[in-house]
Structure formats: structure tokens, C-alpha cells
Amino acid sequence: MRLISRNDLFLLLGLAVALFAIVSRPLGRLLAYAQDIGESSGLQLLPGLVILAGVFIFHQVRKRHEVRAGALASDAAAREATARAAEMGRLVAFGQALGQSLDRDSIRSAAAKHFPLLTEGRPAWVMARSKQHWRPLAVIGNISLGHCERAARGALGETNAVLDGDRGDVCFPMIVAGDPLGVVGVSPDPPLTEHERVVLSAAAALLAASLKNAELFQAVHENSVRDALTGCSNRTHAISVIDGELRRSHRSKLPLSLIMFDLDHFKQINDRFGHLCGDAVLAAVGQHMRAVLRSSDLKCRYGGEEFLILLPDTITSGARRVAELLRRTLEANPVRWNEIDVPVTASFGLTAVTPGELDVTAIIGRADTALYRAKENGRNCVCPADEQEALA
Ligand code: GH3
Ligand code: MG
Ligand code: MG
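Let me begin by describing the structure that accompanies this report. (Residues numbered from 1 in each chain as written. Chains lettered and ligands numbered in written order. Predicted model: local features only at pLDDT ≥ 70, side-chain atom pairs only at ≥ 80, totals over all residues. Heavy atoms only, no water.)

So, the overall build of the protein
Looking only at helices and strands, the protein has 11 helices and 11 strands in total. Against the globule reference of 21 Å for 392 residues, the protein gives a C-alpha radius of gyration of 42 Å, more extended than a compact globule. Expressed along its principal axes, the backbone C-alpha trace of the protein runs to roughly 145 × 50 × 35 Å. Expressed as a percentage of its 392 residues, the buried residues of the protein come to 35%. The contacts of the protein with a sequence gap of at least 6 include a subset with a gap of at least 24, amounting to 62%. When the accessible surface of the protein is totalled, it reaches about 23,200 Å², and 59% of it is carbon and sulfur. (Helix = DSSP H or I, 4+ residues; strand = E, 2+ residues; numbered from the N terminus. Rg over C-alpha atoms; globule rule 2.2 N^0.38 Å. Buried < 20%, exposed > 50% of the residue type's maximum accessible area, 1.4 Å probe, protein only. Contact = heavy atoms within 4.5 Å. Areas by Shrake-Rupley, 256 points an atom, 1.4 Å probe, with all protein chains shown as cover.)

As for the sheet that holds strand β7 (residues 306–312)
Here we have 5 strands laid out as an open sheet, ordered β6-β7-β5-β10-β11, and mixed in their pairing. Only two strands of the sheet have a single partner each, and these edge strands are β6 (298–301) and β11 (382–384). Taking each pair of neighbouring strands and ignoring which way they run, the sheet shows an average axis angle of 20°. Across 7 bridges, strand β5 (residues 256–263) lies against β7 in antiparallel orientation. Opposite M260, over in β7, you have L308 as the bridge partner. (Pairing = 2+ DSSP bridges. Axes fitted to C-alpha atoms, helices over the stretch in contact; angles between N-to-C directions.)

Brief notes about the sheet that holds strand β1 (residues 124–130)
Overall, antiparallel pairing links the 4 strands, which are arranged β2-β1-β4-β3 in an open sheet. For this open sheet the edge positions go to β2 (133–140) and β3 (170–176), each flanked by a neighbour on one side alone. This sheet shows a mean twist of 20° between the axes of neighbouring strands, independent of strand direction. Pairing analysis gives 7 bridges linking β1 to β2, with the strands arranged antiparallel. When the bridges of β2 are listed, S130 appears paired with H133. Most of the contacts of helix α4 (residues 145–155) go to β1, to which it runs at about 65°, and overall it touches β1, β2, β3 and β4 (179–186). Lying on the sheet, helix α5 (residues 194–225) is in contact with β1, β2, β3 and β4; it crosses β3 at an angle near 35°.

Here you go:
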């Protein structure tokens, strides 16, 4: 708070005039005395005093200006520091949101929420690349996806892109360990400051790390639930899926069927043509399962050459038709190995889940028993778990 305001100036002026009136006579005498001393001693006291007073006032004024300029600079620095702290806060919040995102959808939500705060209203976009496909993660402003993709491709050197209307977006490629994962693009109007560039490249680096993280997480998850040879689920994952489906069927009262099948005389295939041929047969079985079954059906490699199929919302007669179709498909498609057609057949057991049944082991056990009956019945056939199911 200022001690003396503009309104007090008049008062001060009055005081100065009054003071001058009070001291004018002694002051006049003092000046005359100084003049006398000057004349008697040959010194120029009065002009010297005037010069000294002038220099003193000038010095004070300059000092005041300097203090004021210093205060203004400190104000500006404080404002700048507050703005930087807020920006850093936004960047940290973005990083935290991305840190909790383990898939592309959550990364997209985090980008849509936080990225506009970092570009401060400037038109901008974020494009992510997976294999040869480009997908938008965030588009701020009226920018076409075609433009974003062309600009992103151009930024990664994939094309000699000519940008729409030569917008010339400033691009920040997202690259992790040499793997280009996407591009952040920002409108160049108004031109970006050096500091804005630093913030945006930090945001691009955070996004890149997050995309890579999600990709690796997805790959690890896939490897932990999937059998690489056949593309089917592994046993552990399948049992947890079946468990969930049993509970769902219990609630929804919808039917559920389970098929178990085992390749016939598979040991002979290995022994005659070698294990690589056996592996090729297993891979072909995986392909046929994907071609014949619905994507909603659970396909599981239960053991070496034993497979499980869980058919949601399917009664026994439907499961039997599916098993027959798969059996005929395998029979009709021998695997070509070293110019030889290797015949492939399988034996199938199937069972229906009775309403309210939640015991996975018991259900798999029933399908397994039926499968052994199919083997006993001469192989390459389908057997339901009991007579009642056979009639269903
Ligand atoms: P059956 O008709 O009674 O089922 O006869 P089978 O020969 O198919 O049955 P068996 O259980 O005796 O043989 C299964 C064979 O599957 C034995 C094993 O070496 C082979 N096998 C298991 N896993 C793999 C695999 O991943 N690759 C290959 N090539 N063979 C495998
Ligand atoms: Mg077998
Ligand atoms: Mg077997």
C-alpha cells in the first residue's frame, strides 16, 4: 500500500509552501551568510550547493526509476513462474492420466481430456499408428482426418505429403526405440514459442511412452492367454472364461454347451511325418476352428492335441451340428506336407450345461467321457455325454 496517494499531493504542496513561509527569513539569512563567506574566502559556495542539490535529486529520481523497473520485472517473472507452474501441473496431470491407461481407448480418453489444455485452444491433432493404420487420438478444431493422416505420414517421412492449403502444421513425431507410433500436430498460427515447443514435445514423449506401454501390455496379455501354435486360448484362461460364462448362463438362464475333441492317431502323424508336420496339423486345426466357429465361441487348446469349445447360448442339438461341421471340415481338408496329403480326423464329445450348474471340472469331465466313447465307437465321430442329450 502506498503511504502517499495522488490525493495527498495538494496537501503536501500546501505544507511545503507553509514551511517555506516559516523558514524563508532564516533561510534568506543563511543564504546571505553563505554568500558573505564565499566572498570573503573566494569560494563559490552557493553554486556548488545548487549543483550538489541538483545531482542529489537527479540521483534519487534515477534510483526510484530503477526500483520501479525492478519491481515490474519481478512482477513479470512471478507471473511467468505461475504460468509455468500451471503448465507443469497440466503436463503432470496428463502424465498421470496416461500412466493409468493400459489400452488405446483409455489413452484416447486421456488425450481428449488433457491435450486441449496443453495446446491452449490452438487447433491441434494426435494421430496414432498401428501397423499401417492411422487412428485419431484427439482432434482439436475443425481439421479433417484426411489432413491429419497426410500430415502425420509426411512427418514420419512415409510420403512427400503436400499439406491441405499448406497449413504447415508443426509436427512432433512419437517414436520409441526407433518405432514410430504416431505424430502430434499443432497449428503454426500464431507461431509457437520455444517454451510451447518444449511443452508439446514433452506431451508427445508422454503419449509415445504410453502407446508403447499399452502395446507391450497387450502383447504380454495375449501371450499369457493364447497358444501361439493354434491361436486358441490356453487352458488356464479358458477355465476362467468358462467359469464366467457359467455364472452368466446361471443369471440369464440361457443355454450353454461344451465340446471336447481330440485328434485321431496323432502320434502316428508325428511318427510318420515328423513333429514339424504334427505342428502344421495343429496350426491347421486352429485355422479351421476360427473359420467354422463364431467369434463369440471360446476356442481352447486344452492339452497336446485336445481342444475345448464353449458355445454360449447354444443347446445340445446346435452344439452337435457345430461339432459335425468341424469334424467334416477336418476330414475334408488333409494337411499338405512335403507333397503328401496328411489325413486329419478327430473324435468329439459334447455336453450341455444343466441350469444352475457351476462346477467347471464336472462339465469338462462329462465332455471328456463322451469323447472317450467317440474313440471307442471307432473315432472320427461325435458323441453326446448321455442318452438324454443324444435325444435333445
Ligand atoms: P488317439 O486317436 O487315441 O487320440 O491317438 P493319439 O495318437 O492321437 O493319442 P496319443 O495321446 O497317444 O498321442 C498324442 C500325441 O500328441 C503325443 C504327443 O507327442 C503329441 N503332441 C502333443 N503336443 C504336441 C505338439 O505340440 N506338437 C506335436 N507335433 N505333437 C504333439
Ligand atoms: Mg489323439
Ligand atoms: Mg490326446
